[in-house]
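Summary of structural features
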Amino acid sequence: MKANSFIKVKSLEEAYNLVKESPKNKIVGGGLWLKKGNAACDKLIDLSLLSLDKIEDKGEFISVGAMVSQRELEKSPLIKDIGHGVISKAVSEIMGPAFRELATVGGSVYGKYGFSDLITALLVVKTKLVFYPDAELSLEEYLAKPGFYDGILTHILIKKCHCKTFFKKVKITALDYPIVNIGVHKCEKHTFVVVGSRPGVAAISKEAQKYLEEGGKDFEKAAELAVNELKFGDSISTKADYRKHLAKVYIARGLEEVSK
Ligand SMILES: Cc1cc2nc3c(=O)[nH]c(=O)nc-3n(C[C@H](O)[C@H](O)[C@H](O)COP(=O)(O)OP(=O)(O)OC[C@H]3O[C@@H](n4cnc5c(N)ncnc54)[C@H](O)[C@@H]3O)c2cc1C
């Protein structure tokens, strides 16, 4: 990736005006994904002067600034407290610590990467996204919309919840992308099953949720409903059938785990 200039903006308004000026002007978080791609950039817009690097307790939810690094997110006691540490666990399995010091929450969520471990974990516990200038929507809504929001992701708001949660990243080697990742969360009457890296982006199984919330007790059946509802595909590393098989096994295992 090549860029013509690097601008440390002094306000969100300045950043937004630059984004609107040209599709070749890009917000830069850690820059790791941007660097990997070959997209032509004119101006790289850096948000590091805007105090978006804080993790704060806001009562019912934890607010995480877009410039918080994956490593800070992983280590934060406030984040470890949510869903039995599901977010910290998911992030801790992304590459190595030096990589996670650079990669940001904003770049990881905004990008809607199909393989994202963080998105699967954030989807299973409830998360809202705050965009400048004027949007607040759930992560689920953002993922379902085609394309990307035409603004700046400033914060994510994660619901505080201490219920049991399961996360599994299946990978071929230690530092690999996931073949598939699974999140399961049971909270009061609700049970959520999320499967990511199918290779499509993480999604909640509504069929499994309905079955379990109507009193279904057979976890194998719930897992079967989930994998039949969600689409699985081939990628260079894995075939759809193998992904589906793995997902089914780990969903059932996750449901058992959160029901203990
Ligand atoms: C080699 C490699 C291996 C990886 N392996 C995994 C893995 O196994 N599991 C996993 O979950 N992830 C993995 N990732 C993804 C990684 O965890 C990050 O999600 C990714 O690098 C994006 O974070 P970043 O801060 O580098 O974003 P950047 O590269 O800076 O930005 C990514 C995109 O988001 C936009 N953007 C950034 N911040 C904002 C903002 N605040 N508002 C609006 N737009 C914004 C940028 O313009 C760009 O389009 C991998 C990445 C790489 C490069």
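Here, the structure is the one placed above.
An account of the accompanying structure is given in this report.

Reading the values: the criteria
One numbering rule holds for all chains: residues counted from 1, following each sequence as written. At least 70 in pLDDT is required for a residue's local features to be given in this predicted model, at least 80 for side-chain atom pairs to be given and counted, and no such filter applies to totals for whole chains, interfaces and linings, which use all residues. Each side-chain value is derived from all of the structure's non-hydrogen atoms; neither hydrogens nor water enter the calculation. Helix axes are fitted to C-alpha atoms over the stretch in contact, other axes to C-alpha atoms as well, and angles between N-to-C directions run from 0 to 180 degrees. Only DSSP runs of H or I with at least four residues qualify as helices, and only runs of E with at least two residues qualify as strands; both kinds are numbered from the N terminus onward. Any angle from 65 to 115 degrees is called roughly perpendicular, while one under 35 is roughly parallel, one over 145 is roughly antiparallel, and all others are oblique. Crossing chirality is assigned from the near helix's rotation relative to the far helix, an anticlockwise turn below a right angle marking it left-handed and a clockwise turn marking it right-handed. Any two residues whose heavy atoms approach within 4.5 Å at even a single point are treated as in contact. Charged means Asp, Glu, Lys or Arg here, nonpolar means Ala, Val, Leu, Ile, Met, Phe, Trp, Tyr, Cys or Pro, and polar covers whatever is left, Gly included. Only protein atoms enter the 1 Å grid used here. Points where a 1.4 Å probe fits but cannot escape make up a cavity, open sets with protein on both sides within 12 Å along at least five of seven lines make up a pocket, and a residue lines them when an atom lies within 4 Å of a point. Grid points are joined across faces, edges and corners, and a volume is the space filled by probe spheres set on the points.

A look at the packing of helix 11 (residues 219-229) against helix 12 (residues 240-259)
Packed helices, taken two at a time, are described by their axes: the angle between them and the distance between them. Axis separation between helix 11 and helix 12 bottoms out at 8 Å; the angle between their running directions is 135°. By the angle between their axes, helix 11 is oblique relative to helix 12. Seen along the crossing, helix 11 lies across helix 12 with a hand that is right-handed. Across the interface between the two elements, Phe219, Glu220, Ala222, Ala223, Glu224, Ala226, Val227 and Asn228 of helix 11 pack against Lys244, Ala247, Lys248, Ile251, Ala252, Leu255, Glu256 and Ser259 of helix 12. Looking at the contact of helix 11 with helix 12 residue by residue, the class counts come to nine nonpolar, two polar and five charged.

Side note on unusual backbone geometry
For the peptide bond that leads from tyrosine 132 to proline 133, omega is 10°, which places it in the cis range. Of note, proline 133 is situated in the loop between strand 6 (127-132) and strand 7 (135-138). Cis geometry marks the peptide bond from arginine 198 to proline 199, where omega comes out at 10°. Position of proline 199 among the secondary structure elements: in the loop between strand 11 (190-196) and strand 12 (203-204). Located in the positive-phi region is histidine 84, a residue other than glycine, with phi close to 55°. Of note, histidine 84 is situated in the loop between helix 4 (77-80) and helix 5 (86-92).

Quick look at the layout of surface pockets
Of the volumes computed, that of the largest pocket is approximately 1,100 Å³. Along its surface, the largest pocket is lined by 46 residues, and Trp33, Leu34, Gly107, Gly111 and Tyr113 are the ones closest to its centre. Elements that contribute at least two residues to the lining of the largest pocket include exactly strand 2 (26-28), helix 2 (32-36), helix 7 (105-110), helix 8 (117-124) and strand 8 (152-159). Residue classes in the lining of the largest pocket are distributed as 26 nonpolar, 14 polar and six charged. Approximately 260 Å³ is the volume found for the second largest pocket. Considering the residues around the second largest pocket, the lining is formed by 16 residues, among which Lys126, Thr127, Lys128, Leu157 and Lys159 are closest to the centre.

In short, the description is geometric, and any link to function would need to be established separately.
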